[in-house]
Amino acid sequence: MLDYSAVWQEAMRELRKELTDTEYMMWLNKLGYEASREGAVVACVPSKLILDQVKLRYSHLLEEKLEELAGEKLALEFVVKKNTASSSRQEKKEAPAGEPPKPKAAARHSQLNEKYSFETFVIGESNKFAANAAVAVAKNPGTAYNPLLIYGGVGLGKTHLLQAIGNAIHKNFDAKKLVSVTAENFTNEFIYSIGNKTTQKFKNKYRSVDVLLIDDIHFLQKKEDTLEELFHTFIALHDNKKQIVFTCDRPISELKYMEDRIKSRFRQGTMANLQSPSYETRYAIVKQMVDSRSLNIPADVIDLICNNITTNVRELEAAIENLTAYGELIDKEITLDIAQKQLRDLFSSPQEKKVTIDIIKRTVADYYDISFGDLSAKKRTKALSDPRQVAMYICRQITEYAFEEIGQEFGKNYSTVMHACGRIKDKMKSDPTLEGLIHNLIQKTKENSIKE
């Protein structure tokens, strides 16, 4: 009976030396030898996601290595087995008598979303460096890549990687104290501590952690006191070799309203850029979405989506959600013709540039036949307040600006923007025409962003 297990083991040992630790541990370490047959080796993988990535990136490399070692061309085949061991295929042994039981898995961290993991993050050329840096941080927090800044546009996976780091550290280093927070919530907590005279408690909370994850630090621009507090927290943690990870929607150098000494601190570690995914990566992302939800969406529809949506992952997900809802409500299988009709609006606008608040304001002002300046005026007449609230709501929906940042652009405060967004959301429930209007204004805004 044919047995290529020894060839397989040697191939994996050699590849272990040739690839980076991160690459090997993330993908090839998940493979196992399953069986042999004439002219072929069968490997097992724990999920379709890993199977797709291995086929895309490593199957050719594996086949070359097997042929080199076996002296004959061997095809590589795969089977999916959920509990695949690592490439050594060592069976788990029972603990010897008297050996203490292994600790139970850590409970879910209240500030982390379990759906964000490295296993569900699809890696391509556009995000490979950022993903590898994130994995390295999760494996050895506080050593390499500290601080780590992950930056990129809307919907490219910044929050996913940040939370994946948190989930991995919490799982493997559950004794470490980890805090994950958005920059907006960090600011709100700080303001609350000042008002309630509990600033020392606030300082103790953030300066005593082993791992600090802060999402969307661009929100902190112009917030001098909060930035000052974060600056001293940063120094305290970094000097004690505690891990710090930030995300931002742009490179640190492009943050206009932040002191150079603070930007310098943020830049002293590793900065990893997330770019728009390539076609191959988009296809792998959509395939992973489809498989994880057990959806029946054919390959030609996936191809259609990936050829027409090139900007970010959120829009890919929106397309899948749209088709899923249609299929469930109409009880029909999704075909290429149905997909083209259902996703027509999503496909209609060309690739977007970054939408700014100024573009949104101009679009809304043109529709309501008012001036650009009227949207920031102090007047509270209905003729101005309604367009202003619509513009604020759109800003919150299609940009990553926080309530306070939006308020600054309209000459209003944080609570005014919150109230405006809540009011528009409530009105749309009872007024379908308003929902249609806002949809049209969003589409027009995106079209205007292309022209500029």
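Reading the values: the criteria
- Residues numbered from 1 in each chain as written.
- Predicted model: local features only at pLDDT ≥ 70, side-chain atom pairs only at ≥ 80, totals over all residues.
- Heavy atoms only, no water.
- Salt bridge = Lys/Arg side-chain N within 4 Å of Asp/Glu carboxyl O.
- Helix = DSSP H or I, 4+ residues; strand = E, 2+ residues; numbered from the N terminus.
- Contact = heavy atoms within 4.5 Å.
- Polar contact = N/O pair within 3.5 Å; in protein donor to acceptor, adjacent residues only side chain to side chain.
- Buried < 20%, exposed > 50% of the residue type's maximum accessible area, 1.4 Å probe, protein only.
- Pairing = 2+ DSSP bridges.
- Axes fitted to C-alpha atoms, helices over the stretch in contact; angles between N-to-C directions.
- Phe/Tyr/Trp six-rings, centres within 6.5 Å; stacked < 30°, edge-to-face > 60°.
- Expected span 1.5 Å × (residues − 1).
- Arc of directions from axis to C-beta.

(A) Just the pattern of salt bridges, in detail. Here the structure, examined in full by the defined rule, presents 20 salt bridges. Glu228 serves as the salt-bridge partner of Arg261, at 2.3 Å between the closest nitrogen and oxygen. Of this pair, Arg261 sits in helix H10 (residues 260-267) while Glu228 is found in helix H9 (residues 224-239), placing the two residues 33 residues apart along the sequence. One network of salt bridges, with partners in common, ties together Glu14, Lys65 and Glu68.

(B) Up close: the environment of Lys205. Looking at the element boundaries, Lys205 is found in helix H8 (residues 199-207). The sequence separation of Lys205 and Thr433 amounts to 228 residues, and the corresponding C-alpha distance is 47 Å. When sequence neighbours within four positions are dropped, the list of residues in contact with Lys205 reads Lys177 and Glu189. A polar contact of 2.9 Å, which involves the side chain of Lys205, links it to the side chain of Glu189.

(C) Highlighting the environment of Glu447. Structurally, Glu447 is set in helix H20 (residues 432-451). On the basis of relative accessibility, which here comes to 35%, the residue Glu447 falls in the partly exposed class. Residues Glu447 and Asp386, spaced 61 residues apart in sequence, show a C-alpha to C-alpha distance of 23 Å.

(D) The arrangement of the sheet that holds strand S1 (residues 32-37) in detail. Taken in spatial order, the 3 strands line up as S1-S2-S3 in an open sheet, and their pairing is mixed. Each edge of the open sheet is held by one strand with a lone partner, namely S1 and strand S3 (75-80). When strand polarity is set aside, the average angle formed by the axes of neighbouring strands in this sheet is 30°. Pairing analysis gives 6 bridges linking strand S2 (residues 40-45) to S3, with the strands arranged parallel. Residue Val41 lies in a different strand from S3, and its bridge partner there is Leu76. Along the sheet, helix H3 (residues 48-57) contacts S2 and S3; its crossing angle with S3, the most-contacted strand, is approximately 165°.

(E) Focus on unusual backbone geometry. Along the chain, Asn146 connects to Pro147 via a cis peptide bond; the corresponding omega equals 0°. Tracing the sequence through the fold places Pro147 in the loop between helix H5 (128-139) and strand S4 (148-152). At Asp216, a residue that is not glycine, the phi angle is positive and equals roughly 65°. Along the chain, Asp216 turns up in the loop between strand S6 (211-215) and H9.

(F) Local environment of the packing of aromatic side chains. For the structure shown, the criterion picks out 10 aromatic pairs. Ring centres 4.9 Å apart and planes at 50° place the aromatic pair Phe202 and Tyr206 in the tilted group. Here Phe202 pairs with Tyr206, and both are found in helix H8, just 4 residues apart, close to one helical turn. Tyr206 sits in the buried class, given a relative accessible area of 1%. Through pairs of rings, three or more aromatic residues link up here, namely Phe186, Phe190, Phe202 and Tyr206.

(G) Region of interest: the sheet that holds S4. If you walk across this open sheet you meet the 5 strands as S5-S6-S7-S4-S8, and the pairing is parallel. Sheet topology places strand S5 (178-182) and strand S8 (270-274) at the edges, where each strand pairs with a single neighbour. On average, each strand axis in the sheet is inclined to that of its neighbour by 15°, with strand direction left out of account. The sheet contact formed by S5 and S6 spans 5 bridges and is parallel. Looking across to S6, one finds that Leu178 is bridged to Val211. Contacting S5 and S6, helix H7 (residues 183-195) runs over the sheet at an angle of about 100° to S5.

(H) Main features of helix H4 (residues 59-70). Taking 1.5 Å of rise per residue, the 12 residues of H4 would be expected to cover 16 Å, and the 16 Å separating its terminal C-alpha atoms lies within 8% of that figure. Listing the buried residues of H4 in full gives Ser59, Leu62, Lys65 and Leu66. Looking straight down H4, one finds that the buried residues subtend no more than 130° of arc, so they occupy a single side. In H4, the exposed positions that point more than 90 degrees away from the buried face belong to His60 and Glu68. Elements in contact with the buried residues of H4: helix H1 (5-18), S2, H3 and S3. Trailing H4 by a residue or two, Gly71 shows a phi angle of about 75°, which is positive.

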